[in-house]
Amino acid sequence: MNDSRPLLNSEIKLRVSTVLNRDTKSYGKQFLCDGKEETCWNSDQGDQQWIIVSFSKPVKISKFEFKFQGGFCASHGQLEYIKQTDTEKKYTKLMDFYPQDINSEQIFDVDQIEPSDNFRFNFVKLTDFFGRITIYNFQIYGNEV
């Protein structure tokens, strides 16, 4: 999959677990992949945070990328997907990933066997005591099927 391309754009449906103080104008999901260094998604407090990405067509992911704010990141995450053949639309774990507590871009390779149009990034363990997370950049690379 050497010809993978960025898949996130303004037409992709994103959902997030929470937004800091419900202030979506300042910290909402629209800032996850806007390409601007000065904007971010900032979650509110909580035990577990997540991002759901819904595509209009099935895709195969080759890698994904996050840029967290140090001190407000995940130390353990899980990528899940809904199998196209699953009539119950339940999430199946695809992989675990372990980000570092740093401010730099972090890239995670994915070995996805079957395509899907729905993915969930669960942030299982967070570095912030109150369970907040801050992401300045998020991108998924792959191909439509």
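1. Notes on the overall build of the protein chain
Helix and strand counts for the protein chain stand at 1 helix and 9 strands. Relative to the globule expectation of 15 Å for 145 residues, the C-alpha radius of gyration of the protein chain, 14 Å, shows essentially globular dimensions. By residue count, 45% of the 145 residues in the protein chain fall in the buried class. Contacts in the protein chain between residues at least 24 apart in sequence constitute 76% of all its contacts with a sequence separation of at least 6. Carbon and sulfur atoms make up 44% of the accessible area of the protein chain, which amounts to about 8000 Å² in all.

2. Thoughts on unusual backbone geometry
The backbone of Arg 22 shows a phi angle near 60 degrees, a positive value even though the residue is not glycine. Along the chain, the position of Arg 22 falls in the loop between strand 2 (13-16) and helix 1 (24-27). One non-glycine residue, Lys 89, lies in positive phi territory at about 55 degrees. Structurally, Lys 89 is set in the loop between strand 5 (74-82) and strand 6 (91-97).

3. With respect to the packing of aromatic side chains
The relative placement of two aromatic rings is captured by the distance of their centres and the angle of their planes. Here the structure, examined in full by the defined rule, presents 16 aromatic pairs. With a centroid separation of 4.8 Å and 10 degrees between ring planes, the pair formed by Phe 66 and Phe 138 is classed as stacked. Of this pair, Phe 66 sits in strand 4 (residues 49-68) while Phe 138 sits in strand 9 (residues 134-144); the two residues are 72 residues apart in sequence, bridging distant segments of the chain. Judged by relative accessible area, Phe 66 falls into the buried class, the value being 0%.

4. Topic: the pairing of strand 5
Here strand 5 lies mainly inside the structure; 8 of its 9 residues are buried. Pairing of strand 5 with strand 6, which is carried by 6 bridges, proceeds in the antiparallel orientation. In the strand pairing of strand 6, Ile 82 is matched with Tyr 91.

5. Examining the side chain of Gln 106
Looking at the element boundaries, Gln 106 is found in strand 7 (residues 105-109). There is a polar contact of 2.7 Å between the side chain of Gln 106 and the backbone nitrogen of Gln 100. Here Gln 106 is in contact with Phe 64, Glu 65, Phe 66, Phe 68, Pro 99 and Gln 100, once residues within four sequence places are set aside.

6. Describing the nonpolar core
Residues Ile 51, Phe 66, Phe 121 and Phe 123 are the most contacted members of the largest nonpolar core, which totals 32 residues. Looking at this core, the elements with two or more residues in it are strand 2, strand 4, strand 5, strand 6, strand 8 (116-126) and strand 9. Per-element tally for this core: the top contributor is strand 4, with 8 residues. Setting aside its immediate chain neighbours within four residues, Ile 51 contacts Leu 14, Arg 15, Val 16, Leu 32, Trp 41, Phe 66, Phe 119, Arg 120, Phe 121, Phe 123, Ile 135 and Phe 138.

7. Some thoughts on the pairing of strand 2
Of the two faces of strand 2, the one holding Leu 14 and Val 16 is buried and the one holding Lys 13 and Arg 15 is not buried anywhere. Two elements, strand 2 and strand 4, share 4 bridges in a ladder whose sense is antiparallel. Within the sheet, the bridge partner assigned to Val 16 lies in strand 4 and is Ile 51.

Reading the values: rules and limits
Residues numbered from 1 in each chain as written. Predicted model: local features only at pLDDT ≥ 70, side-chain atom pairs only at ≥ 80, totals over all residues. Heavy atoms only, no water. Helix = DSSP H or I, 4+ residues; strand = E, 2+ residues; numbered from the N terminus. Rg over C-alpha atoms; globule rule 2.2 N^0.38 Å. Buried < 20%, exposed > 50% of the residue type's maximum accessible area, 1.4 Å probe, protein only. Contact = heavy atoms within 4.5 Å. Areas by Shrake-Rupley, 256 points an atom, 1.4 Å probe, with all protein chains shown as cover. Phe/Tyr/Trp six-rings, centres within 6.5 Å; stacked < 30°, edge-to-face > 60°. Pairing = 2+ DSSP bridges. Polar contact = N/O pair within 3.5 Å; in protein donor to acceptor, adjacent residues only side chain to side chain. Core = buried A, V, L, I, M, F, W, Y, C linked by side-chain atoms within 4.5 Å.

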